[in-house]
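Examination of the molecular architecture
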Amino acid sequence: MAKIKKDDVVQVIAGRDKGMQGRVLKVDPKNDRVIVEGVQRVKRHRRAGAPGSQNASGGIETIEAPIHISNVMLVAPDGKPVRVGYREVEVERDGRKKIMRERIGRRGGKEIEL
């Protein structure tokens, strides 16, 4: 289970974009990869498609490439990167007790609500 989720703000901790922050656009848990907005940008050459299609003109476009999930850290509300852990919390719903997991920041031990 990945500790990084879609729409989280993360900071790159390794690679050519080290130090950059961005929002997670997509998570691929099978390959342990994430796509972060504005990070790991690469150029792709597209062939012109059929007239009226989405890629009718073709050309060179810049897109975000996947980055390994171990190279990013979640950014806490105070703006600093933080390791992520889980805590089990007992919640009562409809008179029944249920154990749920919440994400916490390891530095402060506070729940991460982003």
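Starting afresh in each chain, residues are numbered from 1 along the sequence in its written order. Given that the model is predicted, a residue must reach a pLDDT of at least 70 before its local features are reported, and side-chain atom pairs must reach 80 or more before they are shown or counted; all residues, however, enter totals for whole chains, interfaces and linings. Just so you know, side-chain values use all the structure's heavy atoms and leave hydrogens and water out.

1. Observations concerning the overall build of the protein chain
On a plain count of helices and strands, the protein chain comes out with zero helices and ten strands. Counting from the N terminus, the helices are DSSP H or I runs at least four residues long and the strands are E runs at least two residues long. Of the regular secondary structure in the protein chain, the N- to C-terminal order runs β-β-β-β-β-β-β-β-β-β. It is over C-alpha atoms that the radius of gyration is taken, and the globule rule equals 2.2 Å times the number of residues to the power 0.38. Computed over its C-alpha atoms, the radius of gyration of the protein chain comes to 19 Å, more than 25% above the 13 Å expected for a compact globule of 114 residues. Referenced to the eigenvectors of the C-alpha coordinate spread, the extents of the protein chain come out at roughly 60 × 35 × 25 Å.

2. Some remarks on the environment of P81
With respect to the helices, strands and loops of the structure, P81 is situated in strand 8 (residues 81–82). Residue exposure (1.4 Å probe, protein chains only): buried if accessible area is under 20% of the type maximum, exposed if over 50%, otherwise partly exposed. Under the relative-accessibility criterion, P81 is labelled partly exposed at 30%. For P81 and G15, which are 66 residues apart along the polypeptide, the C-alpha to C-alpha distance reads 16 Å.

3. Quick look at the nonpolar core
Proteins that are soluble and globular tend to have nonpolar side chains buried together. Residues grouped as a nonpolar core are buried Ala, Val, Leu, Ile, Met, Phe, Trp, Tyr and Cys residues, joined through side-chain atoms within 4.5 Å. Judged by nonpolar contacts, the single largest core of 15 residues is most densely connected at I4, V10, V34, V36, I67, V72 and L74. Any two residues having at least one pair of non-hydrogen atoms within 4.5 Å are treated as being in contact. Excluding residues that lie within four positions of it along the chain, I4 makes contacts with V10, V24, V27, V34, I69, V72, L74 and R103.

4. Focus on the sheet that holds strand 2 (residues 21–28)
Strands in a sheet are paired, the pairing made by backbone hydrogen bonds, and the direction either parallel or antiparallel. By definition, two strands form a pair when at least two bridges between them are found by DSSP. On the basis of which strands lie adjacent, the open sheet formed by six strands has the order 6-3-2-1-7-8 and antiparallel pairing. One side of each edge strand has no neighbouring strand; the edge strands of this open sheet are strand 6 (67–68) and strand 8. Where strand 7 (residues 72–75) lies against strand 8, two bridges are found, and the strand directions are antiparallel. Across the sheet, the residue bridging to L74 is V82, located in strand 8.

5. A few points about the environment of G105
You can see G105 is positioned in strand 10 (residues 96–105). By relative accessible area, which is 6% here, G105 ends up buried. Sequence separation between G105 and R46 is 59 residues; the distance between their C-alpha atoms is 42 Å. With residues up to four places along the chain from it excluded, the contact list for G105 reads V82, R83, K110 and I112.

6. Considerations on the side chain of D8
Within the secondary structure layout, D8 lies in the segment before strand 1 (9–12). Judged by relative accessible area, which is 4%, D8 ranks as buried. Pairs of N or O atoms are called polar contacts if they sit within 3.5 Å, as long as, within protein, a hydrogen donor faces a hydrogen acceptor (for residues adjacent in sequence, only side-chain-to-side-chain pairs). A polar side-chain atom of D8 sits 2.8 Å from the main-chain amide nitrogen of K5.

7. Considerations on the side chain of R103
Its place among the elements puts R103 in strand 10. We classify R103 as buried; its relative accessible area is 10%. Here the side chain of R103 touches K3 through a polar contact of 2.9 Å, landing on its backbone oxygen. Side chain to side chain, R103 and D8 meet in a polar contact 2.9 Å long. Ignoring sequence-local partners within four residues, the contact set of R103 consists of K3, I4, K5, D8, L74, V84, G85, Y86, K110, E111 and I112.

These figures capture arrangement, not role.
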